[in-house]
Amino acid sequence: MLDSNTRLRPNTDDVAAKVIDGEAIIMNLSNGLYFSMDRVGSAVWEMVEAGLSVDEMSSTLDARYDVDGDAIRDDVNRLVAELLAEKLVLVTETEPSSPPSTLGAADHPYSSPTLNKYDDMADLLALDPPMPGLGTLPE
Amino acid sequence: MTEQTRLTRAGVEIHPDVEYEGLTGGFSQAWDLHPELRRERWFTFADLPIRMLVVGPGLATDIFRAFSHLQRDDRTGPPALTISLWDEGETGIGLRGVTPEDDLNEHGENFASDDGMVVITARPQTRTGLQRLERKLVGWVADHGRLTQYELGRPLHSELMLWHKDRNVQAIHAGLVARDGDGILFGGPGGSGKSSTALTSLKAGFEYMADDYVGLKELGDGTYEGHSLFCSTHLEPGHLRRFPYLLPHAIPGRLPREDKSLVMLSDVLPDGLSRKARIRAVALPIVVGADKPRLRPATTIEALLRLAPSSLILLPYAGVAAGEFEKLSRFLENIPTYWLELGEDMEEIPMRIGELLERHG
(Lines give C-alpha, C1' and ligand atoms only; values in the text may rest on other atoms or scores of the structure.)
Protein backbone atom coordinates (compact mmCIF):
# COMPACT_ATOMS: atom_id res chain seq x y z
CA MET A 1 0.00 0.00 0.00
CA LEU A 2 1.38 3.35 -0.98
CA ASP A 3 1.87 5.91 1.69
CA SER A 4 0.78 9.41 0.75
CA ASN A 5 4.25 10.64 1.67
CA THR A 6 5.96 8.14 -0.59
CA ARG A 7 8.35 9.71 -3.03
CA LEU A 8 9.34 8.09 -6.28
CA ARG A 9 12.04 8.52 -8.84
CA PRO A 10 12.42 7.25 -12.41
CA ASN A 11 14.20 3.91 -12.61
CA THR A 12 17.02 5.46 -14.58
CA ASP A 13 19.11 2.29 -14.70
CA ASP A 14 16.61 0.72 -17.07
CA VAL A 15 14.27 3.47 -18.15
CA ALA A 16 14.50 6.38 -20.57
CA ALA A 17 11.67 8.88 -20.77
CA LYS A 18 10.76 12.09 -22.46
CA VAL A 19 7.85 14.51 -22.20
CA ILE A 20 7.13 16.53 -25.31
CA ASP A 21 4.15 18.81 -25.81
CA GLY A 22 2.31 17.33 -22.86
CA GLU A 23 2.77 13.70 -23.85
CA ALA A 24 5.20 11.24 -22.33
CA ILE A 25 7.02 8.28 -23.80
CA ILE A 26 8.72 5.93 -21.37
CA MET A 27 10.90 3.03 -22.45
CA ASN A 28 12.01 0.15 -20.30
CA LEU A 29 15.18 -0.84 -22.08
CA SER A 30 15.69 -3.93 -19.96
CA ASN A 31 12.58 -5.75 -21.17
CA GLY A 32 11.62 -4.01 -24.39
CA LEU A 33 8.30 -2.66 -23.13
CA TYR A 34 7.46 0.94 -23.81
CA PHE A 35 4.66 3.23 -22.72
CA SER A 36 2.95 6.49 -23.47
CA MET A 37 0.80 8.81 -21.41
CA ASP A 38 -1.08 11.88 -22.46
CA ARG A 39 -1.77 15.11 -20.58
CA VAL A 40 -2.48 14.25 -16.96
CA GLY A 41 -0.28 11.17 -17.05
CA SER A 42 2.65 13.09 -18.41
CA ALA A 43 2.12 15.70 -15.68
CA VAL A 44 2.38 12.91 -13.11
CA TRP A 45 5.59 11.73 -14.73
CA GLU A 46 7.06 15.22 -14.56
CA MET A 47 6.11 15.37 -10.88
CA VAL A 48 7.83 12.01 -10.30
CA GLU A 49 10.95 13.45 -11.93
CA ALA A 50 10.64 16.55 -9.76
CA GLY A 51 10.53 14.45 -6.60
CA LEU A 52 7.00 15.20 -5.40
CA SER A 53 5.35 12.81 -2.98
CA VAL A 54 2.19 10.99 -4.00
CA ASP A 55 0.19 13.35 -1.83
CA GLU A 56 1.85 16.41 -3.35
CA MET A 57 1.08 15.13 -6.83
CA SER A 58 -2.59 14.79 -6.00
CA SER A 59 -2.71 18.23 -4.40
CA THR A 60 -0.99 19.80 -7.39
CA LEU A 61 -3.49 18.30 -9.79
CA ASP A 62 -6.35 19.17 -7.48
CA ALA A 63 -5.33 22.82 -7.62
CA ARG A 64 -4.96 22.64 -11.36
CA TYR A 65 -8.29 21.14 -12.34
CA ASP A 66 -11.85 21.74 -11.32
CA VAL A 67 -12.43 18.08 -10.51
CA ASP A 68 -13.35 16.16 -7.36
CA GLY A 69 -10.18 15.77 -5.27
CA ASP A 70 -10.93 12.18 -4.30
CA ALA A 71 -11.18 11.18 -7.93
CA ILE A 72 -7.82 12.75 -8.62
CA ARG A 73 -6.30 11.01 -5.60
CA ASP A 74 -7.64 7.65 -6.78
CA ASP A 75 -6.28 8.25 -10.27
CA VAL A 76 -2.83 9.21 -9.00
CA ASN A 77 -2.66 6.22 -6.64
CA ARG A 78 -3.69 3.87 -9.44
CA LEU A 79 -1.24 5.33 -11.93
CA VAL A 80 1.64 5.32 -9.48
CA ALA A 81 0.90 1.70 -8.62
CA GLU A 82 1.05 0.85 -12.34
CA LEU A 83 4.33 2.70 -12.77
CA LEU A 84 5.76 0.78 -9.83
CA ALA A 85 4.44 -2.55 -11.11
CA GLU A 86 6.09 -1.94 -14.48
CA LYS A 87 9.32 -0.98 -12.68
CA LEU A 88 9.35 2.39 -14.40
CA VAL A 89 9.75 4.15 -11.06
CA LEU A 90 11.30 3.25 -7.73
CA VAL A 91 10.47 4.36 -4.23
CA THR A 92 13.06 6.75 -2.89
CA GLU A 93 13.78 8.14 0.55
CA THR A 94 15.62 11.10 -0.90
CA GLU A 95 14.03 14.49 -0.48
CA PRO A 96 14.08 16.64 -3.60
CA SER A 97 17.22 18.78 -3.62
CA SER A 98 15.24 21.82 -4.72
CA PRO A 99 11.60 22.65 -4.04
CA PRO A 100 9.38 20.75 -6.46
CA SER A 101 8.29 22.88 -9.36
CA THR A 102 4.59 23.39 -9.69
CA LEU A 103 2.79 22.86 -12.93
CA GLY A 104 1.26 25.81 -14.69
CA ALA A 105 -2.42 26.27 -15.29
CA ALA A 106 -4.03 23.48 -17.27
CA ASP A 107 -4.86 24.27 -20.87
CA HIS A 108 -7.03 21.20 -21.28
CA PRO A 109 -9.83 19.49 -19.37
CA TYR A 110 -9.05 16.74 -16.87
CA SER A 111 -9.17 13.14 -18.02
CA SER A 112 -8.15 10.07 -16.04
CA PRO A 113 -4.53 9.26 -16.84
CA THR A 114 -3.84 6.07 -18.75
CA LEU A 115 -0.56 4.21 -19.04
CA ASN A 116 -0.60 2.88 -22.61
CA LYS A 117 1.60 -0.18 -22.87
CA TYR A 118 3.28 -1.49 -26.04
CA ASP A 119 4.90 -4.91 -26.14
CA ASP A 120 5.70 -5.34 -29.82
CA MET A 121 9.43 -4.98 -29.17
CA ALA A 122 9.70 -7.31 -26.22
CA ASP A 123 10.03 -10.52 -28.24
CA LEU A 124 12.68 -8.99 -30.43
CA LEU A 125 14.76 -7.91 -27.48
CA ALA A 126 15.88 -11.47 -26.96
CA LEU A 127 17.51 -11.53 -30.39
CA ASP A 128 20.30 -9.17 -29.53
CA PRO A 129 20.06 -8.03 -25.94
CA PRO A 130 21.62 -4.67 -25.16
CA MET A 131 24.77 -4.86 -23.13
CA PRO A 132 24.90 -2.68 -20.05
CA GLY A 133 27.91 -1.08 -18.48
CA LEU A 134 30.02 -0.31 -21.52
CA GLY A 135 30.69 3.26 -20.61
CA THR A 136 31.92 5.91 -22.97
CA LEU A 137 35.33 6.39 -24.46
CA PRO A 138 37.61 8.72 -22.53
CA GLU A 139 38.17 12.10 -24.21
CA MET B 1 39.71 -5.28 -8.38
CA THR B 2 38.54 -8.78 -9.21
CA GLU B 3 37.70 -9.42 -12.81
CA GLN B 4 34.09 -10.36 -13.40
CA THR B 5 33.40 -13.91 -14.50
CA ARG B 6 31.76 -14.16 -17.88
CA LEU B 7 30.33 -17.41 -19.19
CA THR B 8 29.10 -18.21 -22.68
CA ARG B 9 25.82 -20.07 -22.95
CA ALA B 10 27.94 -23.21 -23.37
CA GLY B 11 29.40 -22.51 -19.94
CA VAL B 12 32.85 -21.54 -21.18
CA GLU B 13 34.54 -18.76 -19.26
CA ILE B 14 35.47 -15.70 -21.31
CA HIS B 15 38.17 -13.17 -20.47
CA PRO B 16 37.74 -10.39 -23.04
CA ASP B 17 41.30 -9.05 -22.84
CA VAL B 18 42.81 -12.53 -23.21
CA GLU B 19 40.32 -13.36 -25.95
CA TYR B 20 41.30 -10.22 -27.85
CA GLU B 21 44.99 -11.13 -27.63
CA GLY B 22 44.16 -14.58 -29.00
CA LEU B 23 42.34 -13.02 -31.93
CA THR B 24 45.17 -10.65 -32.79
CA GLY B 25 47.65 -13.52 -32.54
CA GLY B 26 45.54 -15.69 -34.82
CA PHE B 27 45.18 -12.95 -37.39
CA SER B 28 48.92 -12.20 -37.39
CA GLN B 29 49.68 -15.86 -37.97
CA ALA B 30 47.26 -16.08 -40.89
CA TRP B 31 48.54 -12.80 -42.35
CA ASP B 32 52.21 -13.84 -42.11
CA LEU B 33 51.74 -17.37 -43.40
CA HIS B 34 49.46 -16.57 -46.33
CA PRO B 35 50.50 -13.44 -48.20
CA GLU B 36 48.84 -14.87 -51.30
CA LEU B 37 45.46 -14.87 -49.55
CA ARG B 38 45.61 -11.29 -48.31
CA ARG B 39 43.01 -8.78 -49.49
CA GLU B 40 42.80 -5.11 -48.53
CA ARG B 41 40.16 -2.48 -49.16
CA TRP B 42 39.39 0.92 -47.72
CA PHE B 43 35.91 2.22 -47.02
CA THR B 44 34.25 5.34 -45.67
CA PHE B 45 32.01 4.93 -42.64
CA ALA B 46 30.42 8.12 -41.34
CA ASP B 47 32.94 10.24 -43.28
CA LEU B 48 35.87 8.39 -41.68
CA PRO B 49 38.43 6.14 -43.37
CA ILE B 50 38.23 2.45 -42.57
CA ARG B 51 40.91 -0.07 -43.48
CA MET B 52 39.81 -3.64 -43.96
CA LEU B 53 42.33 -6.49 -44.10
CA VAL B 54 41.11 -9.98 -44.82
CA VAL B 55 43.06 -13.22 -45.12
CA GLY B 56 40.91 -15.42 -47.31
CA PRO B 57 39.62 -14.33 -50.73
CA GLY B 58 36.23 -15.96 -50.27
CA LEU B 59 35.67 -14.24 -46.95
CA ALA B 60 36.88 -10.95 -48.42
CA THR B 61 34.34 -11.18 -51.24
CA ASP B 62 31.52 -11.84 -48.78
CA ILE B 63 32.49 -9.11 -46.36
CA PHE B 64 33.41 -6.39 -48.85
CA ARG B 65 30.17 -6.80 -50.77
CA ALA B 66 27.88 -5.35 -48.10
CA PHE B 67 30.05 -2.22 -47.98
CA SER B 68 30.90 -1.93 -51.66
CA HIS B 69 29.08 1.39 -52.04
CA LEU B 70 31.27 2.83 -49.27
CA GLN B 71 34.56 1.86 -50.88
CA ARG B 72 37.20 4.59 -51.21
CA ASP B 73 40.36 4.86 -53.30
CA ASP B 74 42.17 7.22 -50.94
CA ARG B 75 44.33 5.16 -48.62
CA THR B 76 46.22 7.97 -46.97
CA GLY B 77 46.03 9.01 -43.37
CA PRO B 78 45.44 6.89 -40.31
CA PRO B 79 42.28 4.81 -40.44
CA ALA B 80 39.58 5.52 -37.87
CA LEU B 81 39.14 1.76 -37.62
CA THR B 82 41.22 -1.16 -38.83
CA ILE B 83 39.24 -4.33 -39.35
CA SER B 84 41.33 -7.51 -39.58
CA LEU B 85 39.62 -10.80 -40.34
CA TRP B 86 40.72 -14.27 -41.32
CA ASP B 87 38.96 -17.39 -42.49
CA GLU B 88 40.00 -20.65 -40.90
CA GLY B 89 38.66 -22.71 -43.79
CA GLU B 90 40.78 -20.84 -46.30
CA THR B 91 43.93 -20.45 -44.22
CA GLY B 92 43.96 -23.50 -42.00
CA ILE B 93 44.59 -21.20 -39.03
CA GLY B 94 42.10 -21.66 -36.22
CA LEU B 95 41.37 -19.63 -33.12
CA ARG B 96 43.06 -21.13 -30.10
CA GLY B 97 40.62 -22.67 -27.66
CA VAL B 98 37.54 -22.07 -29.80
CA THR B 99 35.61 -24.54 -31.91
CA PRO B 100 32.73 -23.42 -34.11
CA GLU B 101 29.20 -24.24 -32.98
CA ASP B 102 27.13 -26.36 -35.33
CA ASP B 103 23.83 -24.72 -34.52
CA LEU B 104 23.79 -21.56 -36.61
CA ASN B 105 20.41 -20.61 -35.19
CA GLU B 106 22.03 -19.47 -31.98
CA HIS B 107 22.36 -15.72 -31.64
CA GLY B 108 25.45 -13.80 -30.73
CA GLU B 109 26.71 -13.05 -27.25
CA ASN B 110 28.65 -9.97 -26.20
CA PHE B 111 31.22 -9.74 -23.46
CA ALA B 112 32.97 -6.57 -22.32
CA SER B 113 36.17 -6.20 -20.33
CA ASP B 114 35.90 -4.66 -16.88
CA ASP B 115 36.72 -1.21 -18.23
CA GLY B 116 34.33 -1.70 -21.15
CA MET B 117 37.03 -0.93 -23.71
CA VAL B 118 37.33 -4.44 -25.17
CA VAL B 119 34.19 -6.09 -26.46
CA ILE B 120 34.08 -9.67 -27.64
CA THR B 121 31.21 -10.81 -29.85
CA ALA B 122 30.81 -14.57 -30.05
CA ARG B 123 28.62 -16.09 -32.73
CA PRO B 124 28.39 -19.77 -33.72
CA GLN B 125 30.89 -19.50 -36.59
CA THR B 126 32.68 -16.27 -35.79
CA ARG B 127 34.32 -14.39 -32.98
CA THR B 128 35.40 -10.78 -33.00
CA GLY B 129 37.10 -8.42 -30.61
CA LEU B 130 36.76 -4.66 -30.73
CA GLN B 131 39.47 -2.62 -28.99
CA ARG B 132 37.64 0.67 -28.71
CA LEU B 133 40.63 2.76 -27.65
CA GLU B 134 42.97 1.38 -30.30
CA ARG B 135 40.28 1.54 -33.00
CA LYS B 136 40.89 -2.06 -33.97
CA LEU B 137 38.45 -4.81 -34.75
CA VAL B 138 39.85 -8.27 -35.26
CA GLY B 139 37.88 -11.37 -36.06
CA TRP B 140 37.95 -15.06 -36.85
CA VAL B 141 35.53 -16.76 -39.20
CA ALA B 142 35.40 -20.55 -39.13
CA ASP B 143 34.11 -20.93 -42.69
CA HIS B 144 32.76 -18.06 -44.75
CA GLY B 145 30.58 -20.53 -46.62
CA ARG B 146 28.56 -20.97 -43.44
CA LEU B 147 27.96 -17.33 -42.67
CA THR B 148 24.30 -16.67 -42.01
CA GLN B 149 22.21 -14.46 -44.21
CA TYR B 150 22.27 -11.87 -41.44
CA GLU B 151 26.06 -11.98 -41.30
CA LEU B 152 26.32 -11.60 -45.07
CA GLY B 153 23.86 -8.73 -45.27
CA ARG B 154 25.01 -6.87 -42.18
CA PRO B 155 28.55 -8.01 -41.43
CA LEU B 156 29.92 -7.02 -38.02
CA HIS B 157 26.62 -5.38 -37.24
CA SER B 158 26.74 -4.95 -33.49
CA GLU B 159 30.47 -4.20 -33.52
CA LEU B 160 29.98 -1.38 -36.01
CA MET B 161 27.00 -0.02 -34.07
CA LEU B 162 29.30 0.43 -31.12
CA TRP B 163 32.07 1.95 -33.20
CA HIS B 164 29.60 4.47 -34.63
CA LYS B 165 28.23 5.24 -31.18
CA ASP B 166 31.77 5.98 -29.97
CA ARG B 167 31.97 8.59 -32.73
CA ASN B 168 28.65 10.21 -31.81
CA VAL B 169 26.94 8.63 -34.78
CA GLN B 170 23.80 6.97 -33.56
CA ALA B 171 22.69 3.91 -35.52
CA ILE B 172 18.93 4.08 -35.80
CA HIS B 173 16.35 1.73 -37.25
CA ALA B 174 15.32 3.73 -40.30
CA GLY B 175 15.54 4.09 -44.05
CA LEU B 176 16.96 7.01 -45.98
CA VAL B 177 16.74 8.22 -49.57
CA ALA B 178 17.76 11.55 -51.07
CA ARG B 179 17.86 13.79 -54.08
CA ASP B 180 20.96 15.90 -54.65
CA GLY B 181 22.09 15.16 -51.11
CA ASP B 182 18.83 16.23 -49.43
CA GLY B 183 17.33 13.28 -47.62
CA ILE B 184 14.07 11.98 -46.22
CA LEU B 185 14.40 9.57 -43.32
CA PHE B 186 11.83 6.79 -42.90
CA GLY B 187 11.13 5.68 -39.37
CA GLY B 188 9.12 2.78 -38.09
CA PRO B 189 9.24 -0.78 -36.85
CA GLY B 190 9.63 -3.81 -39.10
CA GLY B 191 6.76 -4.19 -41.54
CA SER B 192 5.80 -0.53 -41.46
CA GLY B 193 6.80 0.13 -45.07
CA LYS B 194 10.34 1.47 -44.76
CA SER B 195 11.71 -0.96 -47.34
CA SER B 196 8.82 -0.42 -49.76
CA THR B 197 9.29 3.30 -49.58
CA ALA B 198 13.06 3.21 -49.92
CA LEU B 199 13.16 0.63 -52.71
CA THR B 200 10.41 2.27 -54.73
CA SER B 201 12.24 5.56 -54.40
CA LEU B 202 15.52 3.94 -55.46
CA LYS B 203 13.89 2.58 -58.59
CA ALA B 204 12.45 6.04 -59.32
CA GLY B 205 15.92 7.56 -59.34
CA PHE B 206 16.42 8.74 -55.76
CA GLU B 207 19.76 8.21 -54.05
CA TYR B 208 19.51 5.26 -51.67
CA MET B 209 21.30 5.06 -48.35
CA ALA B 210 19.33 2.48 -46.37
CA ASP B 211 16.04 0.77 -45.72
CA ASP B 212 16.85 -0.51 -42.24
CA TYR B 213 19.80 1.10 -40.47
CA VAL B 214 21.09 4.64 -40.71
CA GLY B 215 23.93 6.35 -38.88
CA LEU B 216 22.51 9.61 -37.51
CA LYS B 217 25.02 12.41 -37.02
CA GLU B 218 24.30 15.85 -35.60
CA LEU B 219 26.23 18.60 -37.30
CA GLY B 220 27.49 21.73 -35.61
CA ASP B 221 24.77 23.90 -37.10
CA GLY B 222 22.01 21.81 -35.54
CA THR B 223 21.19 19.95 -38.73
CA TYR B 224 21.57 16.21 -39.20
CA GLU B 225 23.19 13.85 -41.65
CA GLY B 226 22.24 10.26 -42.27
CA HIS B 227 25.00 7.82 -43.19
CA SER B 228 24.68 4.55 -45.01
CA LEU B 229 25.98 1.38 -43.36
CA PHE B 230 25.03 -1.58 -45.53
CA CYS B 231 23.81 -1.93 -49.09
CA SER B 232 21.68 -4.96 -48.33
CA THR B 233 17.96 -5.37 -47.99
CA HIS B 234 16.04 -8.27 -46.46
CA LEU B 235 12.59 -8.92 -47.91
CA GLU B 236 9.84 -11.42 -47.14
CA PRO B 237 8.75 -13.52 -50.15
CA GLY B 238 5.47 -11.67 -50.68
CA HIS B 239 7.24 -8.38 -50.34
CA LEU B 240 9.99 -9.36 -52.76
CA ARG B 241 7.46 -10.18 -55.48
CA ARG B 242 6.43 -6.55 -55.49
CA PHE B 243 9.90 -5.67 -56.73
CA PRO B 244 10.42 -7.81 -59.83
CA TYR B 245 13.72 -6.12 -60.61
CA LEU B 246 15.16 -7.57 -57.40
CA LEU B 247 14.00 -11.15 -57.92
CA PRO B 248 17.00 -12.38 -59.95
CA HIS B 249 19.34 -11.17 -57.22
CA ALA B 250 17.54 -12.66 -54.23
CA ILE B 251 19.61 -14.88 -51.95
CA PRO B 252 17.31 -17.19 -49.97
CA GLY B 253 17.87 -17.89 -46.31
CA ARG B 254 19.15 -21.27 -45.18
CA LEU B 255 18.14 -21.30 -41.57
CA PRO B 256 14.60 -21.64 -40.23
CA ARG B 257 14.66 -18.12 -38.86
CA GLU B 258 15.93 -16.70 -42.15
CA ASP B 259 12.51 -16.33 -43.69
CA LYS B 260 13.48 -13.37 -45.82
CA SER B 261 15.53 -13.11 -48.97
CA LEU B 262 18.70 -11.09 -49.01
CA VAL B 263 19.43 -8.74 -51.89
CA MET B 264 22.67 -6.85 -52.26
CA LEU B 265 21.59 -3.65 -53.94
CA SER B 266 25.12 -3.03 -55.18
CA ASP B 267 24.45 -5.97 -57.53
CA VAL B 268 21.27 -4.37 -58.84
CA LEU B 269 21.52 -0.60 -59.01
CA PRO B 270 25.04 0.31 -57.90
CA ASP B 271 24.81 3.83 -59.28
CA GLY B 272 21.76 4.53 -57.15
CA LEU B 273 23.56 3.95 -53.87
CA SER B 274 24.97 6.84 -51.90
CA ARG B 275 26.96 7.33 -48.69
CA LYS B 276 25.13 10.11 -46.91
CA ALA B 277 22.51 12.83 -47.09
CA ARG B 278 21.43 15.90 -45.16
CA ILE B 279 18.14 14.93 -43.49
CA ARG B 280 15.40 17.44 -44.33
CA ALA B 281 12.31 15.68 -42.99
CA VAL B 282 11.15 12.45 -41.40
CA ALA B 283 8.37 10.35 -42.92
CA LEU B 284 6.69 7.61 -40.93
CA PRO B 285 5.38 4.98 -43.33
CA ILE B 286 2.23 3.25 -42.19
CA VAL B 287 0.09 0.82 -44.16
CA VAL B 288 -3.51 2.00 -43.93
CA GLY B 289 -4.99 0.71 -47.19
CA ALA B 290 -5.22 4.15 -48.74
CA ASP B 291 -5.88 4.33 -52.48
CA LYS B 292 -2.87 6.53 -53.01
CA PRO B 293 0.02 7.29 -50.68
CA ARG B 294 -0.71 10.38 -48.66
CA LEU B 295 1.21 12.71 -46.35
CA ARG B 296 -0.11 14.28 -43.18
CA PRO B 297 1.76 15.98 -40.34
CA ALA B 298 2.88 13.86 -37.38
CA THR B 299 3.61 15.12 -33.89
CA THR B 300 7.07 14.78 -32.42
CA ILE B 301 5.81 12.26 -29.89
CA GLU B 302 4.22 10.18 -32.64
CA ALA B 303 7.52 10.17 -34.47
CA LEU B 304 9.40 9.27 -31.29
CA LEU B 305 7.01 6.42 -30.57
CA ARG B 306 7.52 5.16 -34.09
CA LEU B 307 11.27 5.50 -34.24
CA ALA B 308 12.70 5.16 -30.75
CA PRO B 309 11.61 1.69 -29.58
CA SER B 310 13.15 -0.33 -32.35
CA SER B 311 16.12 2.01 -32.66
CA LEU B 312 17.03 1.82 -29.01
CA ILE B 313 15.81 -1.59 -27.96
CA LEU B 314 16.92 -3.60 -30.95
CA LEU B 315 20.34 -2.11 -31.32
CA PRO B 316 22.89 -3.57 -28.98
CA TYR B 317 24.90 -1.08 -26.95
CA ALA B 318 22.83 1.96 -27.86
CA GLY B 319 19.82 0.90 -25.87
CA VAL B 320 21.28 1.26 -22.45
CA ALA B 321 22.18 4.87 -22.82
CA ALA B 322 19.43 7.28 -21.93
CA GLY B 323 21.57 9.82 -23.72
CA GLU B 324 20.82 8.12 -27.02
CA PHE B 325 17.12 8.51 -26.37
CA GLU B 326 17.64 12.17 -25.57
CA LYS B 327 19.58 12.66 -28.80
CA LEU B 328 16.87 11.00 -30.84
CA SER B 329 14.24 13.16 -29.15
CA ARG B 330 16.21 16.31 -29.91
CA PHE B 331 16.57 15.28 -33.53
CA LEU B 332 12.82 14.76 -33.91
CA GLU B 333 12.02 18.03 -32.17
CA ASN B 334 14.12 19.85 -34.74
CA ILE B 335 12.89 18.32 -37.95
CA PRO B 336 9.53 18.24 -39.78
CA THR B 337 7.74 14.94 -39.24
CA TYR B 338 4.98 13.39 -41.35
CA TRP B 339 2.95 10.25 -41.59
CA LEU B 340 3.27 8.59 -44.98
CA GLU B 341 0.08 6.59 -45.40
CA LEU B 342 0.56 3.68 -47.75
CA GLY B 343 -1.81 1.41 -49.62
CA GLU B 344 -1.61 -1.05 -52.46
CA ASP B 345 -0.48 1.53 -54.97
CA MET B 346 3.24 2.07 -54.52
CA GLU B 347 3.80 3.92 -57.80
CA GLU B 348 3.16 7.31 -56.30
CA ILE B 349 5.37 6.91 -53.22
CA PRO B 350 8.32 8.64 -54.90
CA MET B 351 6.05 11.55 -55.80
CA ARG B 352 5.22 12.07 -52.13
CA ILE B 353 8.91 11.92 -51.25
CA GLY B 354 9.60 14.46 -53.97
CA GLU B 355 6.90 16.71 -52.53
CA LEU B 356 8.48 16.53 -49.09
CA LEU B 357 11.82 17.54 -50.53
CA GLU B 358 10.25 20.44 -52.38
CA ARG B 359 8.75 21.62 -49.09
CA HIS B 360 11.82 21.13 -46.93
CA GLY B 361 14.83 20.53 -49.19
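The structure displayed is predicted, hence computed values, not measured ones.

What counts and how
- Residues numbered from 1 in each chain as written.
- Chains lettered and ligands numbered in written order.
- Predicted model: local features only at pLDDT ≥ 70, side-chain atom pairs only at ≥ 80, totals over all residues.
- Heavy atoms only, no water.
- Helix = DSSP H or I, 4+ residues; strand = E, 2+ residues; numbered from the N terminus.
- Buried < 20%, exposed > 50% of the residue type's maximum accessible area, 1.4 Å probe, protein only.
- Contact = heavy atoms within 4.5 Å.
- Areas by Shrake-Rupley, 256 points an atom, 1.4 Å probe, with all protein chains shown as cover.
- Pairing = 2+ DSSP bridges.
- Axes fitted to C-alpha atoms, helices over the stretch in contact; angles between N-to-C directions.
- Phe/Tyr/Trp six-rings, centres within 6.5 Å; stacked < 30°, edge-to-face > 60°.
- Salt bridge = Lys/Arg side-chain N within 4 Å of Asp/Glu carboxyl O.
- pLDDT = per-residue confidence, 0-100.

### A few points about the overall build of chain A
Move 1: For chain A, the helix and strand inventory stands at 4 helices and 6 strands.
Move 2: Looking at chain A as a whole, 43% of its 139 residues are labelled buried.
Move 3: In chain A, the proportion of contacts linking residues at least 24 apart, taken out of those at least 6 apart, comes to 68%.
Move 4: Put simply, chain A shows about 7100 Å² of open surface, and 47% of that area lies on carbon and sulfur atoms.

### Description of the sheet that holds strand 3 (residues 38–45) of chain B
Strand pairing within a sheet occurs via backbone hydrogen bonds; the two strands may be parallel or antiparallel.
All names here are of chain B.
Move 1: On the basis of which strands lie adjacent, the open sheet formed by 8 strands has the order 5-3-4-6-10-9-8-7 and mixed pairing. The open sheet terminates on both sides in strands that have one partner only, identified here as strand 5 (71–72) and strand 7 (109–112).
Move 2: Where strand 3 and strand 4 (residues 48–55) come together, 8 bridges link them in antiparallel fashion. In the sheet register, E40 faces strand 4, and the bridge partner there is L53.
Move 3: Together, strand 3, strand 4, strand 6 (81–87) and strand 10 (136–141) form the strand contacts of helix 2 (residues 57–65), whose direction differs from that of strand 3 by roughly 15 degrees.

### Quick notes on the packing of aromatic side chains
Move 1: As enumerated under the stated definition, the model contains 11 aromatic pairs over all chains in all.
Move 2: An aromatic cluster of three or more residues is present, and its members are B:F43, B:F45, B:F64, B:F67, B:W163 and B:F230.

### Some points on the pattern of salt bridges
Residue and element names in this part refer to chain B.
Move 1: Under the criterion given, the structure shown has 27 salt bridges over all chains.
Move 2: R51 serves as the salt-bridge partner of E40, at 2.8 Å between the closest nitrogen and oxygen. With a gap of 11 residues between them, E40 in strand 3 and R51 in strand 4 connect regions that are remote in the sequence.
Move 3: The exposure class of E40 is partly exposed, given its relative accessible area of 28%.
Move 4: The partner of R132 in a salt bridge is D166, and the shortest N-O contact between them spans 2.7 Å. Separated by 34 residues along the polypeptide, R132 in the loop between strand 9 (126–131) and strand 10 and D166 in helix 5 (residues 157–166) bring together distant segments of the chain.
Move 5: Judged by its relative accessible area of 2%, R132 is buried.

### Quick word on the pairing of strand 9 of chain B
Residue and element names in this part refer to chain B.
Move 1: Counting buried positions along strand 9 gives 6 out of 6 residues, so the element sits mostly inside the fold.
Move 2: Sheet topology places strand 8 (residues 118–122) next to strand 9; 5 bridges connect them, and they run antiparallel. Paired with A122 across the two strands is R127, which belongs to strand 9.
Move 3: Note that strand 9 and strand 10 share 6 bridges and pair antiparallel. Its bridge partner being in strand 10, L130 is matched across the sheet by L137.
Move 4: As consecutive antiparallel partners, strand 9 and strand 10 are separated by 4 residues, and within that stretch R135 has a phi angle of approximately 55 degrees, a positive value.

### What about the confidence of the model for chain B?
Move 1: On average, residues of chain B score 91 in pLDDT, and 96% of them are at 70 or above.
Move 2: Per the prediction output, this complex has pTM 0.90; the corresponding ipTM is 0.81.

### Remarks on unusual backbone geometry
Of all residues except glycine, most have a negative phi; of all peptide bonds, most are trans.
Move 1: Notably, A:K87 is not glycine yet its phi reads approximately 60 degrees, a positive angle.
Move 2: The exposure class of A:K87 is exposed, given its relative accessible area of 54%.
Move 3: Even without being glycine, B:N168 reaches a positive phi, approximately 60 degrees.
Move 4: Looking at where B:N168 falls in the secondary structure, it is placed in the loop between helix 5 and strand 11 (169–179).

### Brief notes about the pairing of strand 18 (residues 276–290) of chain B
All names here are of chain B.
Move 1: The pairing of strand 12 (residues 182–187) with strand 18 spans 5 bridges and is parallel. Note that in strand 18 the partner of D182 across the bridge is R278.
Move 2: Relative to strand 20 (residues 337–343), strand 18 runs parallel, the two sharing 7 bridges. For P285, the partnering residue across the bridge sits in strand 20 and is L340.

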